[in-house]
Amino acid sequence: MGIIDLLVLTIYIVAGGALIMVFTLLNTAYLTYYERKVMAHMQQRLGPMHTGYHGLLQPLADGLKLFFKEDIIPSQADKAVFILAPLMGLIPAFISFAVVPFGPKFTVMGHEVPLYLADLNISLLYVLALSSMGAYGIIMAGWSSNSKYALMGGLRSSSQVISYEIAMGLSLISVLMMSGSLSLVEITKAQAGAGLLGILPNWNVFCQPVAFIIYLIASIAETNRAPFDLPEAENELVAGFHVEYSGMRFAYFFMAEYANMLMVSCLAVVLFLGGWNPIIPRSVFEMVPGLGGYIGFIGDPAVWWFIIKLYAYFFLFLWFRATLPRLRYDQLMKLGWKIMLPVALANILVTGIVMTFLN
Amino acid sequence: MLETPGAVLPLNYWPVMVYGLIAIAFGIVTITIGYFFRPSKPSQSKLSPYECGCPPVGDARERFSVKFYIIAMLFVLFDLETVFMFPWAIDFKALGAFGFYEMLVFIFILMVGYVYAWKKGALDWD
């Protein structure tokens, strides 16, 4: 492979990378809109209505507003760490999207185009490693602000993130035992077709319901969402680790939080909900007279299935937030260390016994 | 999989590197451009740390509960155990029953440490 080929490849990658970047940014922006709308309707309100049709331009207005706001660096803050912290939060959250398989390879004008940037054989480890990096941004922000609320929020947040990471990792192991690969593309492909009883799809959520529930709880706790939002408990800690941040630097933490939520939802879709595999098989649509010709027009249906599942999973986050009260800190630690960890280990053992002796 | 004869870096990782640079560039460029647009009118009270409107008392970087250190140490132990289980889980089907028994021994040792930490009260938060 010559230098020219590498250059051409790099141009393709930059184009694809820019697309994924735009996809991530748009989704993080519209997750906030989705959240506000769903929360509002659960509380019998309307939510944002004025900016654009039914408030559809609200996320853009929020982003522009934060962009033009003053950037305040407290006089007693550790300046270098204070400036670095938002980047440490945002960049790992974005980089992990490089390996998410949004859709399979499809052919455009004779070229094979994959709907993912990279298919590493260690994709899952890569994502887990980067999600751990996010804790650095939190603890750097908490420490450098030189504010008591920020320090407490940062400590709480980082210890919560690392506590639930163990349960999350253990819940993934039982899935990996079944798929036998760390590549997210391979894991998705292994879930194609019909599974249990010939009716349900062959998704891991049906074979590993316990692992899915553990992952669901751990992913909410990992992203510091209600009912595990102690680091940002408004009535105790104001805003937690980013209380001293303003303007675009605050927006970076905000984007990182939503990008992380998007990432754990993507992982849940790939690992448990069948990734790009259709909910309703394509053959059903092709049976409807007159519809068959239109399937190609809306792009590859696989991507749309992925996005539908993504937003359905994210709906659970909002549902929990609207329903459940916040936990106490000792309850949070007890749930993570004394309940989720043993259950996840037991799940691995049961999976091992079933796979060893019943196959 | 792309073929890379003689390449130092496996070509599969090239997109990840390029995308990483795009993400880093996005983060730095956006905040740098904003520098030319945003106002900057600092004042002493604006730059003091937030403390419910009162003047801040003392330094924020005081001592905090030792529990956080214990959680961090336990995390290192248990997360390493989890990482050790990843390669086993990948090759689970190939290893068969023998691999499963080996892992039972491993998990047993893990559980001894876990029960010890539990009995010592390291997992309690008072």
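Residues numbered from 1 in each chain as written. Chains lettered and ligands numbered in written order. Predicted model: local features only at pLDDT ≥ 70, side-chain atom pairs only at ≥ 80, totals over all residues. Heavy atoms only, no water.

Caption draft 1: Spotlight on the overall build of chain B. Scanning chain B from terminus to terminus reveals three helices and zero strands. In terms of C-alpha radius of gyration, chain B reaches 26 Å, well past the compact-globule figure of 14 Å for 126 residues. The principal-axis extent of the C-alpha atoms belonging to chain B is close to 70 × 55 × 20 Å. Burial status across chain B gives 33% buried among its 126 residues. Across chain B, the fraction of contacts at a sequence separation of at least 24, relative to all contacts at a separation of at least 6, is 42%. Element-wise, carbon and sulfur atoms account for 70% of the exposed surface of chain B, whose accessible area totals about 8400 Å². Averaging the positions of the 9 positive and the 10 negative side-chain charges in chain B gives two centres separated by 12 Å. (Helix = DSSP H or I, 4+ residues; strand = E, 2+ residues; numbered from the N terminus. Rg over C-alpha atoms; globule rule 2.2 N^0.38 Å. Buried < 20%, exposed > 50% of the residue type's maximum accessible area, 1.4 Å probe, protein only. Contact = heavy atoms within 4.5 Å. Areas by Shrake-Rupley, 256 points an atom, 1.4 Å probe, with all protein chains shown as cover. Lys, Arg positive; Asp, Glu negative; His and termini not counted. Charge placed at Lys NZ, Arg CZ, Asp CG, Glu CD.)

Caption draft 2: Broad picture of the packing of aromatic side chains. Under the defined criterion, the tally for this structure stands at 30 aromatic pairs over all chains. With centroids separated by 4.1 Å and ring planes inclined at 0 degrees, the aromatic side chains of phenylalanine 82 of chain A and tyrosine 245 of chain A adopt a geometry described as stacked. A residue pair is termed long-range when its members are at least 10 positions apart, and phenylalanine 82 of chain A in helix H3 (residues 79–95) and tyrosine 245 of chain A in the loop between helix H9 (234–237) and helix H10 (247–271) qualify at 163 residues. The exposure class of tyrosine 245 of chain A is buried, given its relative accessible area of 6%. A centroid spacing of 5.8 Å and a plane angle of 85 degrees characterise the contact between phenylalanine 78 of chain B and tyrosine 114 of chain B, whose relative ring orientation is edge-to-face. Placement of the pair is phenylalanine 78 of chain B in helix H2 (residues 67–90) and tyrosine 114 of chain B in helix H3 (residues 92–119), with a sequence separation of 36 residues. The residues phenylalanine 78 of chain B and tyrosine 114 of chain B share a single accessibility class, namely buried. Three or more aromatic residues joined by ring pairs form one cluster here, namely Tyr34, Phe212, Tyr215, Phe272, Tyr311, Tyr313, Phe314 and Phe317 of chain A. (Phe/Tyr/Trp six-rings, centres within 6.5 Å; stacked < 30°, edge-to-face > 60°.)

Caption draft 3: Structural context of the nonpolar core. Within the largest apolar cluster, 118 residues are counted, with the highest numbers of intra-cluster contacts made by Phe97 and Phe272 of chain A together with Trp88 of chain B. Residue contributions to this core peak at 17 residues, all from H10 of chain A. Both domain 1 (11–43) and domain 2 (66–120) of chain B contribute no fewer than three residues apiece to this core. Setting aside chain neighbours within four positions, we find phenylalanine 272 of chain A in contact with Leu172, Val175, Gln191, Trp203, Asn204, Val205, Gln208, Ala211, Phe212, Tyr215 and Leu267 of chain A. Ile73, Ala77, Ile138 and Tyr245 of chain A belong to the second largest nonpolar core, which has ten residues in total. (Core = buried A, V, L, I, M, F, W, Y, C linked by side-chain atoms within 4.5 Å. Domains from an automatic or database assignment.)

Caption draft 4: Main features of the interface of chain A and chain B. With 87 residues of chain A at the contact, the number on the chain B side is 67 residues. Between chain A and chain B lies a buried interface of about 6900 Å² when both sides are counted; carbon and sulfur atoms form 75% of it. On inspection of chain A and its partner chain B, the count reaches one salt bridge. Here aspartate 71 of chain A makes a salt bridge to arginine 38 of chain B, at a shortest N to O gap of 3.7 Å. One can count six residue pairs in polar contact (both at pLDDT 80 or more) joining chain A with chain B. Those elements that place two or more of their residues in the side of chain A that touches chain B are helix H1 (3–42), H3, helix H4 (123–144), helix H5 (148–179), H10 and helix H13 (329–357) of chain A. Sort the elements by how many residues they give to the side of chain A that touches chain B and H5 of chain A lands first, with 16 residues. Residue classes in the side of chain A that touches chain B are distributed as 59 nonpolar, 16 polar and twelve charged. (Buried area = accessible area lost by both parts, 1.4 Å probe. Salt bridge = Lys/Arg side-chain N within 4 Å of Asp/Glu carboxyl O. Polar contact = N/O pair within 3.5 Å; in protein donor to acceptor, adjacent residues only side chain to side chain. Nonpolar A, V, L, I, M, F, W, Y, C, P; charged D, E, K, R; others polar.)

Caption draft 5: Up close: the side chain of glutamate 165 of chain A. Structurally, the position occupied by glutamate 165 of chain A is in helix H5. Despite its burial, glutamate 165 of chain A pairs with no opposite charge; the closest candidate is arginine 225 of chain A, at 17 Å N-O. Excluding residues that lie within four positions of it along the chain, glutamate 165 of chain A makes contacts with Ser132 and Glu222 of chain A together with Phe75 and Asp79 of chain B.

Caption draft 6: Representation of helix H2 (residues 58–67) of chain A within the structure. Every buried residue of H2 of chain A is accounted for by Gln58, Pro59 and Phe67 of chain A. Buried residues along H2 of chain A sit in contact with H1 and H10 of chain A together with helix H1 (14–34) of chain B.

Caption draft 7: View of the pattern of salt bridges. Residue and element names in this part refer to chain A. On inspection of all chains with the given rule, the structure shows eight salt bridges over all chains. Residues arginine 225 and glutamate 35 are paired through a salt bridge, measuring 2.4 Å at the closest nitrogen-oxygen approach. One end of the pair, arginine 225, is in the loop between helix H8 (209–222) and H9; the other, glutamate 35, is in helix H1, with 190 residues separating them in the sequence. With a relative accessible area of 3%, glutamate 35 lands in the buried category. Each of Glu35, Arg225, Glu257 and Arg321 takes part in salt bridges that share partners, so that together they form one network.

Caption draft 8: Layout of the domain arrangement of chain B. Domain boundaries in chain B define domain 1 (11–43) and domain 2 (66–120). Inter-centroid distance (C-alpha atoms) of domain 1 of chain B to domain 2 of chain B is 39 Å.

Caption draft 9: Structural view of the environment of asparagine 202 of chain A. All names here are of chain A. On the secondary structure map, asparagine 202 appears in the loop between helix H6 (184–190) and helix H7 (204–207). What makes asparagine 202 partly exposed here is its relative accessible area of 23%. Taking the C-alpha atoms as reference, asparagine 202 lies 9.8 Å from phenylalanine 272; in sequence the two are 70 residues apart.

Caption draft 10: A look at H3 of chain A. For H3 of chain A, spanning 17 residues, the distance from its first C-alpha to its last is 25 Å, which sits close to the expected 24 Å at 1.5 Å a residue. Within H3 of chain A the residues assigned to the buried category are Phe82, Ala85, Pro86, Leu87, Gly89, Leu90, Ile91, Pro92, Ala93, Phe94 and Ile95 of chain A. On its buried face, H3 of chain A sits against H1, H4 and H10 of chain A together with H1 of chain B. (Expected span 1.5 Å × (residues − 1).)

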